[in-house]
Every structure is written in C-alpha cells, then in structure tokens.
Amino acid sequence: MYTQSFNVPDTTEPTGAKAPLSLVGVVSPLSEQDAAAQTRFDTKLNADQKIEPQDWMPEAYRKTLVRQISQHAHSEIVGMLPEGNWISRAPSLKRKAILIAKVQDEGGHGLYLYSAAETLGTSRDQMLADLHSGKAKYSSIFNYPTLTWADVGVIGWLVDGAAIMNQIPLCRCSYGPYARAMIRVCKEESFHQRQGYESLLTLMRGTAEQQAMVQDAVNRWWWKCLAMFGPPDSDSPNSVQGMRWGIKRISNDDLRQKFVDATVPQAEVLGVRLPDPDLKWNEARQHYDFGAIDWDEFWATVNGNGPCNKERLATRVKAHQEGQWVREAALAYAHKQAQKNSLKQEAA
C-alpha cells in the first residue's frame, strides 16, 4: 500500500550525498567487459525496456532497488497494524469482513514485494533483520495511532489514495519484477480506497457525532498524507537518480500536487473540510495551492521518534519471534517431502 520515502536512506547511509550526474552510477573505472554491459543497460533504459534479474546492472542501481522495494514491503507489513487493531471492534459484520480482506491484502502485497527484492540477490531473512533492528525504514504514516473507527475510513480514502498516486507510475518501473508486482497491488489498492471512501460517506450521512468523528480524523491525517510523497524535490537528490534510471517516473512534488488536485473535489462531495487555510484554486496554474508541510515532524517520525514507532517495531519483532515454530515446521515438512521424493526416484 504505502510508498512514501523510497528515497530516504537507511540509518547507516549518509543523508546529505548528492545524486550522480550521469545514468551510470558506477564510480570506479569500468573494465572493457563491464563497459559493454553498461552500454547494453543504458540502451535498454533509453528504449524504455525492462531490466530483468538475469541482466547485468550497476551495483548502485541494484542497491537502490533493494532499498526501495524492501522499504515498500516493510511498509505493507507494518501497515497491517493500525487497521488490524480495529478488526475486533468493527461496527458490523460487513465492515469486519471488509477490513479483514483489506488487511490480508496488505500482507499479500508485502510477500509480492519481498519476492521481487529477492530476485536482486538479497534474502528475506536479511530484509527482516534490517527491519527488526531499526536499520531499514518503512512509511512514517504508520507510526500514528488509529483513535476512532473513522480513522480506518480515512486511511482507506487518503492514505491508500496517496499510495495509489505513488504506485501507479511504478507499474512502469524499469525493473521488471517490481513493475509486474505493482500491477496487482494497484488493482487491490483501488478497492481499498473505494471501501474507505464509502465508509466515510456512510458516517457523514449519520449523526452529528459521527460527522464530527470523520472531520477529526481528516484533520489528523491530512498533512501526514501529504508528507507520504517524500521530501520536496529540492531536498531529494536520490529521487533524481531514480528518475534517470526509470525506477521513479514522477517527482515527489508533482505527485503531491496531483493528489491534492484529485482529493479536494472528493472532500467537497464527502462534506468535510481539509484543514488548510491556504488551500485554494490557482487559476493561473490550474492547480490548487496549499500550505507548508511540517517537515520537522516528518523527519522526527522517520528517524524513530513518532508516537507509535517503538510500538510498531516491537509488535513486528514479537510476531516474528512467535512465528518461528511455524517457519521451522514448514522447513521440516519440506525437507521430509524432499526425502520422500528422493527415495521414490531411487526406487524407480
């Protein structure tokens, strides 16, 4: 679901490095063989063709993809937690069934993405170890609490809406396994957004207390959703290199603008106010102007100091530890089946 700061480095990487000025991304001189491979790589990118796992790629391209795809996968898995805690408190059996299906989808998205990252030579164990140690990042949006049932609807409408805006261009990512995984993810995310919006429409047709609950949730989540698109382009040098490689297709600021332009009319239909006194239509630009995002809060949360960072990470570590016996049982069963098949082949 959630793609926010794919260009945010993990904790062991410097944050102030400037992006390379060329498509190459290889600092040391290339051997004749690697230079030919680099030329084939560049030719594929220039022709808008997909890079596949068996293809040669610059190490910087591979590392960027591993970081981005693993952060995306972590975000899907951690993103199950804020809504998952409302499954037992959903107001009706219908809403519970919808929420269960949605949370299950997010788990599936994480598995698609971990599998895509594994094609780059990293292991799932390593990716999870990086998440559990705090080295790897995930979308900061999930480090905030879901205080009311309306938060679940707002996450569907705004958070998933921002995710879709981010993810549709990824269906054209230059790395084939990632692009193909995103096609299914985006189809399922469209359902998530629609169910969230429909849930809010129902609440807004309800009592004054229900309407106030929706407005309060929108007030708390709006600015956090705008930050999901990542830092401004001027502060996001890695984004530039990602676009040159065809990993990223649209800049952070352009995606954020598209999201605002699409969301304002939806808010009007819903009957809620977006909490931005500077939000207004700019006839000259043919876009909505909007206020300044609190980037200090964003970076504090990304760096582990949000309201729920420690809780989210502790929950994921606990779930992983408690699931160890399942993984061991599955491996033992697979080993047993392999032995049986081997004996059958020998007997034949």
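Since we're looking at a predicted model, the values are computed, not measured. (Residues numbered from 1 in each chain as written. Predicted model: local features only at pLDDT ≥ 70, side-chain atom pairs only at ≥ 80, totals over all residues. Heavy atoms only, no water.)

Remarks on the overall build of the chain
Link 1 in the chain: Along the backbone of the chain there are 13 helices and two strands.
Link 2 in the chain: Taking 2.2 N^0.38 as the reference for a compact globule, 348 residues should give roughly 20 Å; the C-alpha atoms of the chain span a radius of gyration of 22 Å, in line with that estimate.
Link 3 in the chain: In the chain, once contacts between residues fewer than 6 apart in sequence are set aside, the share between residues at least 24 apart is 79%.
Link 4 in the chain: Accessible surface for the chain amounts to roughly 16800 Å². Of this, 56% is attributable to carbon and sulfur atoms. (Helix = DSSP H or I, 4+ residues; strand = E, 2+ residues; numbered from the N terminus. Rg over C-alpha atoms; globule rule 2.2 N^0.38 Å. Contact = heavy atoms within 4.5 Å. Areas by Shrake-Rupley, 256 points an atom, 1.4 Å probe, with all protein chains shown as cover.)

Structural notes on the packing of helix α6 (residues 149-167) against helix α7 (residues 176-204)
Link 1 in the chain: The interhelical angle for the contact between α6 and α7, taken along N-to-C directions, is 145°, at an axis separation of 8 Å. Crossing angle aside, the handedness with which α6 passes α7 is left-handed.
Link 2 in the chain: Among the residues making up the contact of α6 with α7, the classes are represented as eleven nonpolar, ten polar and two charged. (Axes fitted to C-alpha atoms, helices over the stretch in contact; angles between N-to-C directions. Left-handed = near helix turned anticlockwise from the far one by under 90°. Nonpolar A, V, L, I, M, F, W, Y, C, P; charged D, E, K, R; others polar.)

Focus on empty space enclosed by the protein
Link 1 in the chain: The final tally for this structure, using the stated rule, is three cavities of 30 Å³ or more.
Link 2 in the chain: If you go around the second largest cavity, the residues you meet are Arg95, Ile98, Leu99, Trp149, Val152, Gly153, Gln195, Gly196 and Ser199.
Link 3 in the chain: Only α4 (93-118), α6 and α7 provide two or more residues apiece to the lining of the second largest cavity.
Link 4 in the chain: The residue makeup of the lining of the second largest cavity, split by class, is four nonpolar, four polar and one charged. (1 Å grid on protein atoms, 1.4 Å probe; cavity = no way out; pocket = protein on both sides within 12 Å on 5 of 7 lines; lining within 4 Å. Points joined across faces, edges and corners; volume = space filled by probe spheres on them.)

A short note on the pattern of salt bridges
Oppositely charged side chains are able to pair whenever their charged atoms sit close together.
Link 1 in the chain: Under the counting rule described, the total for this entry stands at 16 salt bridges.
Link 2 in the chain: One salt bridge in this structure joins Asp160 and Lys102, with 2.8 Å as the shortest N-O distance. Residue Asp160 is found in helix α6, and its partner Lys102 is found in helix α4; the two are separated by 58 residues along the sequence.
Link 3 in the chain: Residue classification places Asp160 among the buried residues on the basis of a relative accessible area of 0%.
Link 4 in the chain: With relative accessibility at 0%, the residue Lys102 sits in the buried group. (Salt bridge = Lys/Arg side-chain N within 4 Å of Asp/Glu carboxyl O. Buried < 20%, exposed > 50% of the residue type's maximum accessible area, 1.4 Å probe, protein only.)

Remarks on the packing of α6 against helix α10 (residues 252-270)
Link 1 in the chain: Between α6 and α10, the least distance of the axes is 10 Å, while the angle of their chain directions is 145°. Helix-helix and strand crossings are classified by hand; for α6 and α10 the assignment is right-handed. Counted together, Trp157, Leu158, Gly161, Ala162, Met165 and Asn166 of α6 and Leu255, Lys258, Phe259, Ala262, Thr263, Gln266, Ala267 and Leu270 of α10 form the full contact between these two elements.
Link 2 in the chain: Here the contact of α6 with α10 is composed, by residue class, of nine nonpolar, four polar and one charged.

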